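Each chain is listed here by its residues.
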Amino acid sequence: MNWRILVPAGFAAWFLFGMAQLAEAADVAANYRQHCATCHGPDRLGGIGPALIPENLARLRKPEAQKVIREGRPATQMLGFGQQLNDAEIKALVDHAYTPIKPIPVWGEAEIKASRIVKFASGSLPDKPQFKADPLNLFVVVETGDHHVSILDGDKLEPIHRFQSRFALHGGPKFTPDGRYVFFASRDGWITKFDLWNLKVIAEVRAGINTRNAAVSGDGKWVAVANYLPHSLVILDADLNLKKILPVTDKDGKTTSRVSAVYDAAPRQSFVAALKDVKEVWEVSYNPKADDISAGMIHDFKYREGKFIPGFLNPQRSQLDDYLDDFYFTQGYDEVMGASRNDAKAAVSGQVVNLDARKKIADLELPGMPHLGSGISWTWQGKTVMATPNLNEGLISIIDMQTWKTIKQIKTRGPGFFMRSHENSRYAWTDSMMSKEFKDTMQIIDKETLEIVAELKPEPGKTFAHVEFTRDGKYVLASLWEMDGALIVYDAATLKEVKRLPMKKPVGKYNVWNKISKSEGTSH
């Protein structure tokens, strides 16, 4: 007997379309695993790179996202995949990134408190350094090659300790004012407290899922954590107990935002935070006696008639006309010099925000993509100037911090990420690590003539970036930023190489004294 199966009209086309969709979904999943998961996490929640979810992509339009995948992104580890993926595959990856994850993971009070690990109770370790080196001339070196941290004796220029860190530390480690404790933040939200006197990890807590950086208060009592996911600013005490979670939204509570960065403004007894997706700057006071903050309609400030919230650990908002992604404090900490790297615009806008007036007071002439977070300052011809490297142009901008005018643009070999100096040195050092051709070249600028006077290229073809001075400014430590890399030590006056210390991709090094004394030659 012959059987005939009657297929409804259009079923075959529908079936083939459905099978094509399944195949495309499988291709997207495979491409994501191969090209994206290592940096952005298998679940799209972030790792070395940020989370790829709609909540983090509000300012990046889909055509721009496709361009990023195709060509890469300046000043990041994001490479271009235009030669490995065709346009359809790239579009499918972008659609995948803009598809919501449901349910979105929760990381709140219960999760933070449950994650806390205490290795040594407060007060249980000796209150003096357990080594002979100067505790204020130590260097903390972050080695991302194998996820370790090395501690160096800054006088002998030799390692005294090395320990395993959390995965993908991000942002400079932050120190308590006495230099005893240092706090690290990892991309996946872990905050680690390390005792430099006893060379021990004291405690850890996971304050977020995808974290930008952390800041330590000027009195050493508080730690603020800037999160990309969830959209929050988390306040911990110095023992890493959760004190408060500040959900980050605009003043109307309608738009949530990632936190681009948070830094300590010690003279103001406050943290200052830049918001990625809301046109505001937040200042959060850690002074228990801070004045109340007006919230809503106020009839009379003097007689407290109206709505107020406590000033302690609550945000004061400065409303802006543009986003502020990156910033640099002026010497008095009453102003921030900021830049917006808005993906929806070709131009970068620079602005000066007064934290007392809570508004923009000046514009900055900043071509390219300035990296203000790595800016430094010094006195030049009787005035204070600030210098910032540039992430996509080969230039250094020198800005008069009284008039906010650009004094000079110093041409360099290529885009750079870091700039450093020391008050006892006549030179400022800047890399060109974002340049394919000149990533191996360090440029030395005379701070008086504002001219490049020397170039250093110790290993042709290998990335050479990020420097830090010893406490007295006599030596400079620079990173050969490779898996089998090294710290290369130079005489700061003669620029001659002194020695090398083998390291596993030493991305950053931080001198305790320079950091706690707010040296003009290092970022704060």
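Treat the numbers as computed from the prediction; the structure is a model and nothing was measured.

(A) Representation of the overall build of the chain. When helices and strands are tallied, the chain shows six helices and 35 strands. When each of the 524 residues of the chain is scored for burial, the buried share is 54%. Summarising the internal contacts of the chain: among those between residues at least 6 apart in sequence, 49% fall at separations of at least 24. As displayed, the chain has an accessible area near 23,700 Å², and 53% of this comes from carbon and sulfur atoms.

(B) Structural detail: the pattern of salt bridges. For the structure on display, the rule yields 26 salt bridges. The shortest N-O distance in the salt bridge between lysine 193 and aspartate 239 comes to 3.4 Å. In this pair, lysine 193 is assigned in strand β7 (residues 190-195) and aspartate 239 in the loop between β11 (232-237) and β12 (242-247), connecting sequence segments 46 residues apart. Residue classification places lysine 193 among the buried residues on the basis of a relative accessible area of 5%. For glutamate 455, the salt bridge goes to arginine 413, with nearest N and O atoms at 2.8 Å. One end of the pair, glutamate 455, is in strand β30 (residues 451-456); the other, arginine 413, is in the loop between β26 (406-411) and β27 (419-420), and 42 residues separate them in sequence. The class for arginine 413 is partly exposed, based on a relative accessible area of 42%. What emerges from the salt-bridge pattern is a single network uniting Arg268, Glu283, Asp356 and Arg358.

(C) How the structure looks around the packing of aromatic side chains. Tallied over the entire structure, the rule returns eleven aromatic pairs. Ring centres 6.0 Å apart and planes at 70° place the aromatic pair tryptophan 222 and phenylalanine 312 in the edge-to-face group. Pair noted here: tryptophan 222 is in strand β10 (residues 222-229) and phenylalanine 312 is in the loop between β17 (305-309) and β18 (315-319), with a separation of 90 residues, a long-range link. Between phenylalanine 329 and tyrosine 333, the ring centres sit 4.8 Å apart and the planes meet at 35°, which makes this aromatic pair tilted. Members of the aromatic cluster, connected to one another through ring pairs, are Tyr263, Phe327, Phe329 and Tyr333. Here arginine 166 stacks its cationic end above the ring of tryptophan 190, 3.7 Å away from the centre of that ring. Stacked on the ring of tryptophan 107, the Lys or Arg arginine 206 has its end atom at 5.1 Å from the ring centre.

(D) Representation of the environment of aspartate 219 within the structure. Considering the arrangement of structural elements, one finds aspartate 219 in the loop between β9 (210-216) and β10. The spacing of aspartate 219 and aspartate 178 is 41 residues in sequence and 9.4 Å in space, taken between C-alpha atoms. A polar contact is formed between the side chain of aspartate 219 and the side chain of serine 217, at a distance of 2.5 Å. From its side chain, aspartate 219 meets the backbone nitrogen of lysine 221 in a polar contact 3.0 Å long.

(E) Highlighting helix α3 (residues 62-71). When α3 is considered as a whole, its buried residues turn out to be Ala65, Gln66, Val68 and Ile69. Down the axis of α3, the buried set is contained in an arc of 155°. They therefore lie on one face. Counted as exposed and oriented over 90 degrees from the buried face of α3: Pro63 and Glu71. Those residues of α3 that are buried lie in contact with α4 (87-97). Looking one or two places after α3, you find glycine 72, whose phi comes out positive at around 90°.

(F) The arrangement of the pairing of strand β20 (residues 335-340) in detail. For β20, the buried fraction is high: six of the six residues fall into the buried class. The side-chain alternation of β20 yields two buried faces, one formed by Glu335, Met337 and Ala339 and the other by Val336, Gly338 and Ser340. With four bridges joining them, strand β19 (residues 326-329) and β20 adopt antiparallel strand pairing. Among the inter-strand pairings, phenylalanine 327 is bridged to a residue of β20, identified as glycine 338. Between β19 and β20, which pair antiparallel in sequence order, lie five residues; one of them, tyrosine 333, sits at a positive phi of approximately 65°. Bridging between β20 and strand β21 (residues 349-354) involves six bridges; their strand directions are antiparallel. Note that in β21 the partner of glycine 338 across the bridge is glutamine 351.

The rules behind each value
Each chain carries its own residue numbering, running from 1 in the direction its sequence is written. For this predicted model, a pLDDT threshold of at least 70 governs which residues receive local features, and a threshold of 80 or more governs which side-chain atom pairs are given and counted, while totals over whole chains, interfaces and linings are taken from all residues. Note that water and hydrogens are dropped before the side-chain values are worked out from all heavy atoms of the structure. Strands are runs of DSSP state E lasting at least 2 residues, helices are runs of H or I lasting at least 4, and numbering of each runs from the N terminus. Whether a residue is buried, partly exposed or exposed follows from its accessible area with a 1.4 Å probe, protein chains only, as a fraction of its type maximum: under 20%, in between, or over 50%, in that order. Any pair of residues with heavy atoms lying within 4.5 Å of one another is described as a contacting pair. We get accessible surface area from the Shrake-Rupley algorithm with a probe of 1.4 Å; when it comes to residues, only the shown protein chains can shield them. What makes a salt bridge here is a side-chain nitrogen of Lys or Arg within 4 Å of a carboxyl oxygen of Asp or Glu, nothing more. By convention, a stacked pair of Phe, Tyr or Trp rings (six-membered ring in the case of Trp) has centres within 6.5 Å and planes under 30 degrees apart, an edge-to-face pair has planes over 60 apart, and any other such pair is tilted. The rule for a charge over a ring is simple: NZ of Lys or CZ of Arg within 6 Å of the ring centre, and within 35 degrees of the ring normal. Here a polar contact is taken to be a pair of N or O atoms separated by no more than 3.5 Å, where protein atoms must pair a possible hydrogen donor with a possible acceptor and residues adjacent in sequence count only if both atoms sit in side chains. Directions pointing from the helix axis toward each C-beta atom define the arc. Being paired, for any two strands, means DSSP has found at least two bridges between them.

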